Amino acid sequence: MIKAIKKLEDIELPSYLDDKTKIRSYVSPLDKMLQGGFTPGKIVQLVGEPKTGKTTIALQVAYGFCKQGKKVLYIDAKQDINTEYLQNTLLLDYYKNHFYLVKESTFSDVEEILEKFIKTGEIDLIIIDSLPSLINERCVQVSGTKRIKSDNTNTNSNTRPLIFLINKLKKLSIEQDMYLLFINEFRNKIDKRIGTITRVFGPKSLEYETSDIIHIKRITSSDNKSFRDCFISLEKVIGISDELVQLKGTSTFPLSPVPFFYEYGTGYQEKYNIIYYLLENKIIIKDGTYYEYLSYKANGLANLIKILTDNGELQKLVDKVHLNQS
């Protein structure tokens, strides 16, 4: 027998949004852009040009979740993640226990795999790397018994199934308190009427469904010039100075670009932000090319960082920062 509804408060609704808490990834610049961390039911996109470190950052996010006992499903649509990637980002210890790596790129295969994993109710974070690498079955050529996947990076042929997949994942993430991170790249969109080319990172409907779109790029903001100047001697040797720029977010006011130093092979490292803080506050003394911190002295910033790392001094500071942020 159906219960009679006389008032609005008599209507029972699932409390999807009750008691939601953010999860930190411990990639501090990204957590800062997300105002504390990832929120279940919210889609986060990390976008940028090719070879800007998006995959490494995504793997670092996965590590941050795994370290907190969360389970991560990583869809490697580009199919380029190997043992070295996992070793550099410390994920090997979590492989097959908390970190599940799947190498598929067609929509039908990806959707089938997602359904299997999601049905268990154990997956906390889904990462798709990357959206442009997902292709339709009709874009797959068959040569004998082997399937050859064609490149559709600069086309819109995958728009319709992509939107269906995104909508489905967003609904499931709300229902099951899952977190979503999608890696995306800028692509060329050609206006055939006037021949102009614009840089886009997907259809408007994808942008609409996404809560936060974060652009990873080389530092160009004047506010972060001093950060880049601090590490200019390390660029092309150890890594490069990057910044995260908010293209879309849930904050009332746009957030300022957040700088960080990207170390080749291992990605974001908290120690460089600490070094910058110590230099800015004259705790590390700089005299020409010589640097001094407590009793440690070195010719060149890279040498000082190595000495502090080898002696465990930087790790103590990193642990202290993480403890204060918890």
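Up top is the structure these notes are about.
Residues numbered from 1 in each chain as written. Predicted model: local features only at pLDDT ≥ 70, side-chain atom pairs only at ≥ 80, totals over all residues. Heavy atoms only, no water.

Visitor: Lay out helix H4 (residues 107-119) in plain terms, naming residues and giving numbers.
Guide: Compared with an ideal rise of 1.5 Å per residue, which puts 13 residues at 18 Å, H4 spans 18 Å between its outermost C-alpha atoms and is within 8% of the ideal. Buried within H4 are the following residues: Phe 107, Asp 109, Val 110, Ile 113, Leu 114 and Ile 118. An end-on view of H4 places all buried positions within 160 degrees of arc, on one side of the element. In H4, the exposed positions that point more than 90 degrees away from the buried face belong to Lys 116 and Lys 119. Once H4 ends, the next one or two residues include Gly 121, with phi positive near 75 degrees. (Helix = DSSP H or I, 4+ residues; strand = E, 2+ residues; numbered from the N terminus. Expected span 1.5 Å × (residues − 1). Buried < 20%, exposed > 50% of the residue type's maximum accessible area, 1.4 Å probe, protein only. Arc of directions from axis to C-beta.)

Visitor: Can you tell me about the layout of surface pockets, naming the residues and giving the values?
Guide: To find leftover empty space, one rolls a probe the size of a water molecule over the atoms. In this model, the second largest pocket occupies a volume close to 560 Å³. Lining of the second largest pocket is provided by 20 residues; of these, Leu 90, Tyr 268, Gln 269, Glu 270 and Val 318 occupy positions nearest its centre. Contributing elements (two or more residues each) for the lining of the second largest pocket: helix H2 (54-67), helix H8 (270-280) and helix H10 (313-325). Here the residues of the lining of the second largest pocket sort into seven nonpolar, 10 polar and three charged. (1 Å grid on protein atoms, 1.4 Å probe; cavity = no way out; pocket = protein on both sides within 12 Å on 5 of 7 lines; lining within 4 Å. Points joined across faces, edges and corners; volume = space filled by probe spheres on them. Nonpolar A, V, L, I, M, F, W, Y, C, P; charged D, E, K, R; others polar.)

Visitor: Any details on the nonpolar core? Residues and values, ideally.
Guide: If you look at the biggest cluster of nonpolar residues, it comprises 35 residues, and the most contacted ones within it are Phe 38, Phe 99 and Leu 181. Residue contributions to this core peak at seven residues, all from H2. Each residue touching Phe 38, except ones within four places of it in the same chain, is listed here: Thr 21, Lys 22, Ile 23, Ser 25, Leu 30, Val 44, Val 61, Phe 65, Tyr 179, Leu 180 and Leu 181. Counting residues in each nonpolar core, the second largest holds 24 residues, with Val 102, Val 110, Leu 165 and Leu 169 among its members. (Core = buried A, V, L, I, M, F, W, Y, C linked by side-chain atoms within 4.5 Å. Contact = heavy atoms within 4.5 Å.)

Visitor: Before we move on, can you summarise the pattern of salt bridges with the specific residues and values?
Guide: Applying the stated criterion across every chain, the model contains 16 salt bridges. The partner of Lys 225 in a salt bridge is Asp 229, and the shortest N-O contact between them spans 2.9 Å. Here the residue Lys 225 and the residue Asp 229 both occupy positions in helix H7 (residues 225-230), the gap between them amounting to four residues, near one helical turn. Residue class for Asp 229 comes out partly exposed when judged on its relative accessible area of 41%. Each member of the salt-bridge network shares a partner with another, and the members are Glu 111, Glu 115 and Lys 168. (Salt bridge = Lys/Arg side-chain N within 4 Å of Asp/Glu carboxyl O.)

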